[in-house]
Amino acid sequence: MTLRKNSPLIRKHTIRYHFLLGIWAMLILFLVYSDLIPNASAKEIVATDEWQKVNQGDTIPPGLHVKIDFETGEKWVKLLENLDDQNDDFQISNAAMRVISPDGQVKNTPPAKDNKNDRSRQEAIKITQLANAELTAEASAKITSQLLDQSQRKKNMIDSISALNDFEADNTVGETELETMYRTLTSLPREEFQSMGMTLPLDPGFDASVEEKQEFERQLREIWNARQDLLKKMEEEYLADVTDVISERIESIRMYLEDPAREIHNVLLLKKKEQMGNDNDLGLNLGTIIGALHDLEFQLTDLDNAREFHDMGGWPLLVALLTDSVHGFESEMHMLAKVEAHSINATVSNAVSVENGDFISMSQEGLEMLKDYQRVIWEIQGLACWCIGTAVKNVEEFHPWAVEDFASLLDLKRVDGPVNAISILLEKLDNDATQVPQLGISASDSNLRMKQKFEVYALGSLLRGNRDAIYYFDSVSGSSTLLAFYNSLMEMGQKMLTMEAGALKILEKLVLLVGDIIIDVQLNPAQNIESDKVVFANLATHKWCSLPAQIFQHPNTMMKRRMLELILNLYPYCTYDDGFNILAEVEPYMVEDEELHEHFISLQNIY
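Being a predicted model, the structure only gives us computed values, none of them experimental.

Conventions adopted
Residues numbered from 1 in each chain as written. Predicted model: local features only at pLDDT ≥ 70, side-chain atom pairs only at ≥ 80, totals over all residues. Heavy atoms only, no water. Phe/Tyr/Trp six-rings, centres within 6.5 Å; stacked < 30°, edge-to-face > 60°. Buried < 20%, exposed > 50% of the residue type's maximum accessible area, 1.4 Å probe, protein only. Lys NZ or Arg CZ within 6 Å of the ring centre and 35° of its normal. pLDDT = per-residue confidence, 0-100. Contact = heavy atoms within 4.5 Å. Helix = DSSP H or I, 4+ residues; strand = E, 2+ residues; numbered from the N terminus. Expected span 1.5 Å × (residues − 1). Arc of directions from axis to C-beta. Core = buried A, V, L, I, M, F, W, Y, C linked by side-chain atoms within 4.5 Å. Salt bridge = Lys/Arg side-chain N within 4 Å of Asp/Glu carboxyl O.

**Details of the packing of aromatic side chains**
- The full count for this structure, using the stated rule, is nine aromatic pairs.
- With a centroid separation of 4.2 Å and 15 degrees between ring planes, the pair formed by Phe 398 and Trp 401 is classed as stacked.
- For Trp 401, a relative accessible area of 6% gives the class buried.
- Chaining the aromatic ring pairs together yields one cluster made of Tyr 571, Tyr 576, Phe 580 and Tyr 607.
- A cation sits over an aromatic face here: Lys 560 above Phe 552, 4.3 Å from the ring centre.

**Brief notes about the confidence of the model for the protein chain**
- Mean pLDDT for the protein chain: 74, with 65% of residues reaching 70 or above.
- Below pLDDT 50 for its whole length, residues 27-40 participates in three contacts with residues either more than four positions away or in separate chains.
- A low-confidence stretch, residues 81-173 stays under pLDDT 50, and its non-local contacts, those more than four residues away or across chains, total 197 contacts.

**Brief notes about helix 7 (residues 260-275)**
- A rise of 1.5 Å per residue sets the reference length of helix 7, with its 16 residues, at 22 Å; its end C-alpha atoms lie 22 Å apart and thus fit the reference within 8%.
- Buried within helix 7 we find Pro 260, Glu 263, Ile 264, Val 267, Leu 268 and Leu 270. Taken end-on, helix 7 shows its buried residues confined to a sector of 165 degrees, consistent with a single buried face.

**Looking at the nonpolar core**
- Grouped together as the largest cluster of nonpolar side chains are 124 residues, with contacts concentrated most on Leu 293, Trp 315, Leu 318, Leu 459 and Leu 482.
- Those residues in contact with Leu 318, other than ones at most four positions away along the chain, are Ile 253, Leu 293, Leu 296, Phe 309, Ala 384, Cys 387 and Ile 388.
- Membership of the second largest hydrophobic core comes to 12 residues, among which are Met 181, Tyr 182, Leu 188 and Ala 226.

**A few points about the pattern of salt bridges**
- On inspection of all chains with the given rule, the structure shows 25 salt bridges.
- Linking Lys 271 and Glu 379 is a salt bridge whose minimum nitrogen-to-oxygen distance equals 3.1 Å. Taken together, the residues span a long stretch of sequence, with Lys 271 in helix 7 and Glu 379 in helix 12 (residues 364-392) at a distance of 108 residues.
- Using a relative accessible area of 22% as the deciding quantity, one classes Lys 271 as partly exposed.
- Under the relative-accessibility criterion, Glu 379 is labelled buried at 11%.
- As a salt-bridge pair, Glu 500 and Arg 449 come within 3.0 Å of each other at their nearest N and O atoms. Of the two residues, Glu 500 sits in the loop between helix 16 (478-493) and helix 17 (501-523) while Arg 449 sits in helix 14 (residues 446-463), which places them 51 residues apart along the sequence.
- Linked through salt bridges whose partners overlap, the residues forming this network are Glu 215, Arg 218 and Glu 222.

**Some points on the side chain of Gln 374**
- Take Gln 374: it is sitting in helix 12.
- Judged by relative accessible area, which is 9%, Gln 374 ranks as buried.
- Setting aside residues no more than four positions away along its own chain, Gln 374 makes contact with Phe 329, Gln 438 and Ile 441.

**Regarding unusual backbone geometry**
- In this structure, Leu 439 is a non-glycine residue whose phi angle is positive, near 65 degrees.
- Relative to the helices and strands, Leu 439 is located in the loop between helix 13 (421-434) and helix 14.
- In this structure, Ser 477 takes a positive phi of about 60 degrees despite not being glycine.
- Note that Ser 477 resides in the loop between helix 15 (467-475) and helix 16.
- Here Ser 477 falls in the partly exposed class, since its relative accessible area comes to 40%.

And the structure:
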């Protein structure tokens, strides 16, 4: 069978090819020519911690954090920050949480198994005993296929479905079903057909015999149907692999809860090796709880994976990581003190407070070890909050998870009211507001700040757009807890101009969260009007509504924009104290900025 020059398929592809080639050539010439035009305003960007707009012709040093506004095409850059600061909205996408072996293979390393199988879960987890959360999935019996193969299968499936969607939604005028089918299949790589043991037939052309045309159609439809079967198989295999991955991440959390001290010491050992220059990225090491949580967050960005994670019993285990009692800190402290008491080399020089108010003696080396242990706990809790926020964010189907009660799963003598993700997060923030860190650790410690930032992120994800969660939040005086936490950060920072960057971001996120709730309740009234009124009355107060003006004092222009926009949006709903003038609070801290000026004029017009 030969390819005819007068084939309509060939003519169409040829015309499209030359048209696209011409467009592409003109685009290249335009880009090359525009690069040669001198730009009088071009400058070299001096990177800072704040976002800076990159204009045409500007040069930037390597290694910066770059973001692009796809609506306007504007580019912004700033210095890279720590994991928790890579995105102002805490929406960090980690697309490469994998373990790379020496031979270049990307592998999913299953977590180490605990040989102490005879130890009871109750002894290991103690206070926060999740007795009824035993998993039904045979997590430890399955080993995930190589993630490289999984990723390739997923890519193949997406590419193939994309091509098939082109067939289903094709609008080519005058093209028959067979022509569209042929065009779609010709867009696939040759390897796709080789893997099926098939060869795509050539178009017989207009002057082919009836038999040739029928044979062409038969072969084409045979390949098409085989392709559908292959796609279905690929999808089933991929979903099966995803189930295994989710199961293994749940198993990693469960194993951590059984023996947190062993897992944390493993992390500390790897961190020490990392500091010594060894190539050992904990975020990529799935054999640690740190790596497992990093990868879990990546997996939970997919709605189906998040649903699977919850259905397999992972949610209560993940929420349990937010509590302090499960991490074994007190036990570790007593064990270390006991070891030092029998050591002739230990020099006791510190008195460390314990849970019951007593003190135990500790050497400086032991104290530093406990500090590192505590920092790892904060890192784990922060990552758990990150996973929680990612799993539920903007998904109405998952709203009930926010108020899912775990009281029956806790081995406590007395539990006052429901125990859920929101109540635990509020308790954590309340502790941060009223208690100073143990062991003399700074209140601005980077791991503590990371934990607090992700706690606010998780709480925001649980509350935004979730009216039942908002009602519960209000019923347990959530606004008072957040306000106390805000004030504690302000007391430590003293003045807005000298506020520590980590605390400043938390302040902003707290104010934005409360503002979002006020606007949501006001603009989207629910059936429970009375509950809406109570929430509104507790949030749209002078205490909360005046805070954006306080943060506006900071010189960061982008932050000023967000705060002034929030003031403008909240003004119609807020109740300010007598004599308080929001314009007078803002005006002294205005800077030269067009967007700020527009917002300020709008506020003047409605004031």
